[in-house]
Amino acid sequence: MKNDNEKNWKPNPLSKAVALALAVTSVNVQAQEGSDDDEDVVDSGKIVVTGTRIRRDEMNDTVPLEVIVADDAIDRGLTTVGQLLQESTLASGSAQINSAISTAFVTNGGQGAETLSLRGLGANRTLVLLNGRRAGPAGTRGGVSSFDFNTIPLSGVERVEILKDGASSLYGSDAVAGVVNIITKEGDGGTIEGFTSQPADSGGERSRISATWGKTYSKGSVRITADYDKQSELARGDRDFYACGERYYFEADSNNRNTLIDPRTGQPHCNDLPWGHVWLYDYGGGNFTGNLAQFDYDNDLGQYIDPIGPAVDPADISAPPGWFLVNGGSPVLNADHPFEDLQSFVPESSRATILATGNYEFSDRVEGYAEVLVNRRKTTTNGYRQFWTYIYNENFNFVDGVTPGGGSSLSAGWTGAQWLSPTAITDHNGSQIDVDYTRFVAGLKGTFGEADRWYWDVSLQHSESDGDYAVDIIYNDAIQDQWFAYGSCAGQTTSVNGVPCQDVPWLDPQFLAGNISQADREYLFGVDVGNTQFEQTTIEGVITGDLFEVPGGWSAGAFGFQYQKDSILDTPGPQTLAANSWGLSSAGITKGAIESYAVFGEIDMPLLADLPAVEELNLTLSARYTDVPDAGSDTTYKAGLAWKIGGGFTVRGSFGTSFRAPALFELFLADQTAFPGQRAVDPCIRIEDNLEDGNISQLQYDNCIADGFATDYAGGAISATSITGGGFGILESETSESNVWGVVWRPENIDLSISFDYFDYKIEDEVTQLGAATIVRGCYNSTAFPVDPLCAQFDRDPLDGRITNIRDSFINIATQDNSGYDLRIDYSREVPWGTLNISTEHTYQKESSRVLLEGSPAVDFNGTVGEPKHTGNLLVKFDRNDWYVSWFTRFVGRGDNSTLAGVSEELTFNGIPSRRIVRAPGIAYHTLSYGYRHAESGWSGVIGVRNLTDKEPPRLSRGGGTRAGNSAFYSQYDSYGRTYFVNLKYDF
């Protein structure tokens, strides 16, 4: 038997979306094709679509629903559901978590996670359903809270329905920004499929192989899908635009570059991560011309800079031969190590998944169903980092000052009134993530009452995520035990691991350059393995049917209950628990559970029908009471109105409230203590130099001066203490309001659909963690300094001005607002040579702002890079017989970071008035594909090119936004370049 999906080979996008939404319900209540006895089928022909609990006779325009067909991913060269959804304009106008972002930054779910944030309101405010039922989160570390799309195979998905509206009253907590409902495939037959993609430049290759098979029997059906997906690493050095981080400044009144030229290469200086230096802290050296000592590895520094001047005073610095003094603005500063090219930009990962669904009819009124999902993900990253210590030179200590022999015997040749911070570089900074995810659903459903007018469904959903995270670490006791030691540690043991102490050659140029001996690696380096377990159990029941008759027809209702329990147990590795991971935060065991209880109801009333200018007028009301014993209770509600005027026009709108209890990690995250460097968090250190180099804004400079800091203040200590943790007993639940109003036009005599919607979300008491640097730098970058509430979140020592403690636990911030417009047009037309299909969707964001704390000014990110005001997609597809051509364009609007606090477009560099590039132009990515199917044999194929014009990410200057190399680093921009792909499929 050939696969039943053959008959869906060439529908146009509009009819395909509507037909599929009518064909399969979000709770699988449709009768299976091929049943031998239609009279025994439980279903009465009604369906349930996302956005309502009530079964209807047909799909309509009462709710703003977007339907995305999974097969469209193949035409775009994509292999995951997450990639497909992140390209929707509902998501592409805000930052998304993909494998590259989760590798470069600390994100919820851990490295390699792939989540979805509708409207930019956060992944934990976007509810994800699988066949109409909750799907628990997956990932590693204490921040697990959102569904990871790595767990669901593209080959097992039929379509995805996205409700573009808040729906907490229907679906409960998390449905603040909307609902994503993944509908899996049904029907008879099987498919074997293989996919591969190859960028024009090496790195980032991807391949997938899958098989799916389904069979309908007289009393039920079954479908099994197996899928394996492999992503090869894209290293930073694989793309030139990520390789060298120039300052990329321009003269203020021209397009002439104003930059440092490295005389060793004749090219602009690469200013990534300084390496191989000894940081110097001077107390009066007369020949002190730079705060960094750099070794002459290539025996050519003397051609470009002067050697260290002779020591004529005991306080003057002297160093062994080969060392020169430089500073952070020197054109010969070593700040572009080969380790940088090996850093994972997109990590290597593999996913293996099995998905099974089935149902069985126990009687003509009762049916059972079940789902099983098993997934394993492995993600491997490579990285590099600095690490350093603090030591005396040969003849200086804090007590005696410059004294012959008064320093460290291990610092021979280094003399003067200075102490030293040798800073080495290493490639020991990778990780390996292994996540096992399982989910099962079991349930019963059926009908009762006269003519089976009432339907019921009861289900149990349970998911478990079990993830190991192995992280390369540096033993803290191997370094900190010997801070400011006077000599060898031979005969001592380290304070935590208890191993024999070993003298580390901190002043060896080769060691500082990353050429570390095996003995030193074994002493300094290790791997720490932690484990995260997350479980979610949901029990839900619903009944729906006709209630009473009103002028427009029968009023229908749905009523139900839901119980949910989430639990987390995150156990960091033993070195992290012992606070023995150098440069990383210590953490305790995060353990907790939370339960919620809810009852809900929905009524749909057709108020009027078949009147002039009122073909239909429907009012929908829903309400939900939720009780979370550990976070409070609330009642949410929603009212919706749909007015079908005539001539294909429908006006629709809704107003609703939502309620989100804090996530487990927001409540129970164990106290963590980190020690960020003063230079990383305090904008008042060396403000003259940092303003010159673009590291701080003019406002930060002015506020630091107002706070009494000198322009050359060097900082009173090495590090600050940042304290974070959960907010159990303190945090309140979030509340929100949503307004969504729109109009739909579907003329009768043409295959055209146009929808236009306005959306407006307001979240109050949003739960978030600000970050240590955000708190301190935000305080000094505020026009309300020093009374901005951020300024009360940290302390300074009254004697030397150092930052002592930064309080960075989860808190309720004031508000978040997001509003804008959605436009979608679908058009299909038969032409003499075939069928032409055109679809386009656009989102224009009007506002995306936050007020962090009561009394703080609002910060609007709308229109910045990574938060463009306008994003759009265009699909033009031509079908003829057994082949088609598809052209897909994804547009990312311009971004302007000049409105962001901390970003200054103007600066003075090299004594010349200059400007940064802080704006990114709009960019369009094109994908061209060709598909052919040989119907008789069951073979089909797609070939295509993604990023056809080989667009690179736009360039930004240093200090102009988040970037890698010279390129903007945001989730909207393509990192692979032009990529070729092939997909082969066999249906049987």
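Residues numbered from 1 in each chain as written. Predicted model: local features only at pLDDT ≥ 70, side-chain atom pairs only at ≥ 80, totals over all residues. Heavy atoms only, no water.

Per an unreviewed UniProt entry, the recorded name for the protein is TonB-dependent receptor plug domain-containing protein, and the organism is Marinicella sediminis. For the record of the protein, the UniProt heading Subcellular location (unreviewed entry) holds the text "Cell outer membrane". (UniProt positions renumbered as here; feature names shortened; annotations may be inferred.)

Colleague: What is the right way to look at the nonpolar core in this model?
Modeller: Across soluble globular proteins, you tend to see nonpolar side chains buried next to one another. Membership of the largest hydrophobic core comes to 39 residues, with the highest contact counts inside it found for Leu-85, Phe-149, Ile-152, Val-180 and Ile-182. Contributions of two or more residues to this core are made by helix H2 (72–75), helix H3 (81–86), helix H4 (89–92), strand S2 (126–130), strand S4 (157–163), strand S5 (178–184) and strand S36 (751–764). With sequence-adjacent residues up to four places away left out, Val-180 is seen in contact with Leu-85, Leu-116, Leu-118, Thr-126, Leu-127, Val-128, Leu-129, Val-160, Glu-161 and Ile-162. Ranked by size, the runner-up nonpolar core spans 33 residues in total, among them Ile-391, Ile-474, Ile-479 and Leu-524. (Core = buried A, V, L, I, M, F, W, Y, C linked by side-chain atoms within 4.5 Å. Buried < 20%, exposed > 50% of the residue type's maximum accessible area, 1.4 Å probe, protein only. Helix = DSSP H or I, 4+ residues; strand = E, 2+ residues; numbered from the N terminus. Contact = heavy atoms within 4.5 Å.)

Colleague: Mind showing me how you'd approach unusual backbone geometry here?
Modeller: Among all residues except glycine, the phi angle is most often negative; among peptide bonds, the trans geometry is most common. Of the consecutive residues Phe-785 and Pro-786, the connecting peptide bond is found in the cis state with omega at 5°. Mapped onto the elements, Pro-786 comes out in the loop between helix H15 (772–780) and strand S38 (794–796). Backbone geometry at Asp-610 places phi at a positive 55°, although glycine is not the residue there. According to the relative accessible area criterion, Asp-610 is exposed, its value standing at 73%. With a phi angle near 60°, Asp-950 is a residue other than glycine that sits in the positive phi range. With respect to the element layout, Asp-950 can be found in the loop between strand S51 (939–946) and strand S52 (963–964).

Colleague: Would you mind going over a negative patch on the surface with me for this structure?
Modeller: On the surface, a cluster of negative charge is contributed by Asp-201, Asp-240, Asp-950 and Glu-952. Using a relative accessible area of 71% as the deciding quantity, one classes Asp-240 as exposed. (Patch = residues over 30% accessible without salt bridge, like charges linked within 9 Å, V, L, I, M, F, W, Y side chains within 5 Å. Areas by Shrake-Rupley, 256 points an atom, 1.4 Å probe, with all protein chains shown as cover. Salt bridge = Lys/Arg side-chain N within 4 Å of Asp/Glu carboxyl O. Lys, Arg positive; Asp, Glu negative; His and termini not counted. Charge placed at Lys NZ, Arg CZ, Asp CG, Glu CD.)

Colleague: Any chance you could explain the sheet that holds strand S10 (residues 249–251) here in plain terms?
Modeller: Strand pairs in the sheet, formed through backbone hydrogen bonds, run parallel or antiparallel to each other. With respect to topology, 3 strands assemble into an open sheet ordered S10-S48-S47, the strand pairing being antiparallel. Each edge of the open sheet is held by one strand with a lone partner, namely S10 and strand S47 (906–909). Each neighbouring strand pair of the sheet contributes to a mean axis angle of 45°, computed without reference to strand direction. The pairing of S47 with strand S48 (residues 912–916) spans 4 bridges and is classified as antiparallel. Paired with Leu-907 across the bridge in S48 is Ser-914. (Pairing = 2+ DSSP bridges. Axes fitted to C-alpha atoms, helices over the stretch in contact; angles between N-to-C directions.)

Colleague: What's the story with the UniProt feature "domain: TonB-dependent receptor plug" (unreviewed entry) in the protein in this structure? I'm lost.
Modeller: Those residues carrying the UniProt feature "domain: TonB-dependent receptor plug" (unreviewed entry) are residues 62–179 in this numbering. Along residues 62–179, the helical share is 20% and the strand share 18%, with 16 Å between the first and last C-alpha atoms.

Colleague: So what exactly am I meant to see when it comes to the environment of Phe-534 here?
Modeller: Note on placement: Phe-534 falls in strand S26 (residues 525–550). Of the residues examined, Phe-534 reaches a relative accessible area of 4% and is grouped as buried. Residues Phe-534 and Arg-933, 399 residues apart in the sequence, show an inter-C-alpha distance of 44 Å.

Colleague: Looking at this structure, I do not really get the environment of Glu-348. What am I missing?
Modeller: Relative to the helices and strands, Glu-348 resides in strand S17 (residues 348–361). C-alpha of Glu-348 to C-alpha of Glu-205: the two residues are 143 residues apart in sequence and 9.7 Å apart in space.

Colleague: So what exactly am I meant to see when it comes to H15 here?
Modeller: Along an α-helix, a turn takes 3.6 residues, which lines up residues three or four apart on a common side. Of all the positions in H15, only Ala-772, Ile-775, Val-776, Cys-779 and Tyr-780 are classed as buried. One side of H15 carries all its buried residues, which in axial view fall inside an arc of 120°. In this structure, the buried side of H15 is in contact with helix H12 (678–681), helix H14 (698–706), strand S34 (721–724), S38 and strand S39 (803–807). (Arc of directions from axis to C-beta.)

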